[in-house]
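Close look at the chain arrangement
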Amino acid sequence: MRRLKCKDLLSIAELSREDLIYLLETSKLFKSRYYAGERVINVLTGKSLAMIFQKPSTRTRVSFEVAMHELGGYALYLNWNDLQLGRGETIADTARVLSRYVDGIVARVLRHSDLVELAKHSSIPVINALSDLEHPCQTLADLLTIWEKKGKLEGIKIAFVGDGADNVLNSLLIASAKLGINISIATPVGYDPKGDILRIAESEAVRYGSVIEVVREPEEAVKGADVVYTDVWVSMGQESERAKRIADLSKYRVTVDLIKLAKDDVVFMHCLPAKRGEEVVDEVIDGRWSVVWDQAENRLHTQKAVLALLL
Ligand code: CP
Ligand code: NVA
């Protein structure tokens, strides 16, 4: 095993194409050993991980905690408001102190800039467990799932239907471009991917031959798609915009009629939690297309790779 070239994992853009592939290969190795009965592989014995959460989490929290345990290390769950951070201790001071106690920090924050600040003042790796801007750990699990289901990544077409400025999509978009995956985003006016994200993705897409398109009609995006992906219309922190978002995005629901327009062997993906009946209907998420439970499981295997290769 070799270390990744980056110190932190705040954005998927920090990973070179080579390290991205290396992470996926390592995840596959951890998964195959897990199924061969080797759940515990002590590569992080004596190491500790601080996990700071400013927002709720089921998958990310549990999979990181279990991953750390199964690698022989120790994980501490820390609610942002239970730390002195909640009373105004600065992020920089918190970073300096945690760097003296633990070997890595996983953080889920409201503002991505807070993660950047945390990483700047930490001498240990900081891993993004979701911010308003990106969700790189989700993307790793998504890519592993696509690789398993389709046998390859290059040349695959993903159709993302919903909020084009979604944090989960931002990371998926950049990683797809790096790996030669084509991605078609169906989103309404006012929800296009942010300029910075699109610029990074487009420059990678030119290098690696992937096609990125933003369209208005879900039917157009899903045509010829190998993967149909969606996420909630109202992300954590956007609750005050709920009524407007539901109204604006109502045409972008993944229904049986919509998914039937994609390739016959299309798979349906969602990072979860799903808001059933909003962005996706039960018949799709519970239907023959859905790979969401394998996708959720893969968070465990991919995060083991992240921890082992960063810490
Ligand atoms: N997909 C994901 O990150 O889920 P949680 O919010 O439950 O961690
Ligand atoms: N876009 C969602 C993803 C949850 C995993 C959110 O930020 O709430």
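Residues numbered from 1 in each chain as written. Chains lettered and ligands numbered in written order. Predicted model: local features only at pLDDT ≥ 70, side-chain atom pairs only at ≥ 80, totals over all residues. Heavy atoms only, no water.

This brings us to the sheet that holds strand 5 (residues 157–161). The 5 strands lie next to each other as 7-6-5-8-9, forming an open sheet whose pairing is parallel. Each edge of the open sheet carries a strand with a single partner, namely strand 7 (212–215) and strand 9 (267–270). Neighbour-to-neighbour, the strand axes of this sheet turn through a mean angle of 20°, independent of strand direction. Bridge count between strand 5 and strand 6 (residues 182–186): 5 bridges; the pairing is parallel. Counted as the bridge partner of isoleucine 158 is isoleucine 183 from strand 6. Contacts between helix 12 (residues 292–310) and the sheet are confined to strand 8 (227–230) and strand 9, with strand 9 contributing the most and set at about 45° to the helix. (Pairing = 2+ DSSP bridges. Helix = DSSP H or I, 4+ residues; strand = E, 2+ residues; numbered from the N terminus. Axes fitted to C-alpha atoms, helices over the stretch in contact; angles between N-to-C directions. Contact = heavy atoms within 4.5 Å.)

Below, the discussion takes up the site of ligand 1. Neighbouring residues of ligand 1: Ser57, Thr58, Arg59, Thr60, Arg108, His135, Gln138, Cys271, Leu272 and Arg299. Within the backbone of cysteine 271, a nitrogen or oxygen atom sits 2.9 Å from a nitrogen atom of ligand 1. The side chain of arginine 299 places a nitrogen or oxygen atom 3.1 Å from an oxygen atom of ligand 1. Contact with the protein chains covers 96% of the free accessible surface of ligand 1, which is 250 Å². (Near = heavy atom within 4 Å. Polar contact = N/O pair within 3.5 Å; in protein donor to acceptor, adjacent residues only side chain to side chain. Areas by Shrake-Rupley, 256 points an atom, 1.4 Å probe, with all protein chains shown as cover.)

Bringing the packing of helix 6 (residues 167–178) against helix 7 (residues 195–208) into the picture now. Their axes nearest at 7 Å, the elements helix 6 and helix 7 cross at an angle of 20°. Comparing the axis directions of helix 6 and helix 7 gives the class roughly parallel. Along this stretch, helix 6 crosses helix 7, giving a crossing that reads as left-handed. Of the residues in helix 7, those touching helix 6 at Asn170, Leu173, Ile174, Ala177 and Lys178 are Ile197, Leu198, Ile200, Ala201, Glu204, Ala205 and Tyr208. For the contact of helix 6 with helix 7, a count of residues per class yields 9 nonpolar, 1 polar and 2 charged. (Parallel < 35°, antiparallel > 145°, perpendicular 65-115°, else oblique. Left-handed = near helix turned anticlockwise from the far one by under 90°. Nonpolar A, V, L, I, M, F, W, Y, C, P; charged D, E, K, R; others polar.)

We now examine the site of ligand 2. What surrounds ligand 2 is the set Leu130, Asp166, Asn167, Val168, Asp231, Val232, Ser235, Met236 and Leu272. Side-chain polar atom of aspartate 166 to a nitrogen atom of ligand 2: 3.1 Å apart, as the coordinates give it. Within the contact set of ligand 2, a nitrogen atom lies 2.6 Å away from a side-chain nitrogen or oxygen of serine 235. Considered on its own, ligand 2 offers 270 Å² of accessible surface; in the complex 95% of this is hidden by protein. Within the shell around ligand 2, the residues separate by chemical class into 5 nonpolar, 2 polar and 2 charged.

In this section: the environment of threonine 302. Looking at the secondary structure, you find threonine 302 in helix 12. Owing to a relative accessible area of 0%, threonine 302 belongs among the buried residues under this scheme. Distance in space between the C-alpha atoms of threonine 302 and alanine 141 is 5.8 Å, their sequence separation being 161 residues. Setting aside residues up to four positions removed in sequence, threonine 302 forms contacts with Ser27, Cys137, Leu140, Ala141 and Leu144. (Buried < 20%, exposed > 50% of the residue type's maximum accessible area, 1.4 Å probe, protein only.)

With 63 residues, the main nonpolar core has Leu15, Leu140, Ile158, Leu173 and Leu307 as its most contacted residues. Setting aside anything within four residues of it in sequence, one finds isoleucine 158 in contact with Ile146, Leu172, Ser176, Ile181, Asn182, Ile183, Ser184, Val227 and Tyr229. Grouped together as the second largest cluster of nonpolar side chains are 26 residues, Val215, Trp233, Ala262 and Val292 included. (Core = buried A, V, L, I, M, F, W, Y, C linked by side-chain atoms within 4.5 Å.)

Before going further, it helps to examine helix 3 (residues 91–101). Within the span of helix 3, buried status applies to Ile91, Ala92, Thr94, Ala95, Leu98 and Ser99. For helix 3, the arc enclosing every buried residue in end-on projection is 155°, short of the 170-degree limit, so these residues lie on one face. Summarising the geometry of helix 3, the exposed residues directed more than 90 degrees from the buried face are Arg100 and Tyr101. The inward-facing, buried residues of helix 3 contact strand 1 (48–53), strand 3 (104–108) and helix 4 (112–120). (Arc of directions from axis to C-beta.)

Here we take up unusual backbone geometry. The bulk of non-glycine residues show a negative phi, and the bulk of peptide bonds are trans. A cis amide bond links leucine 272 with the next residue in sequence, proline 273, at an omega value of 5°. As for its placement among the helices and strands, proline 273 is situated in the loop between strand 9 and helix 11 (282–285). A positive phi angle is found at leucine 130, which is not glycine, with a value near 115°. The phi torsion at leucine 272 lies on the positive side, around 65°, for a residue other than glycine. Assignment of secondary structure puts leucine 272 in the loop between strand 9 and helix 11.

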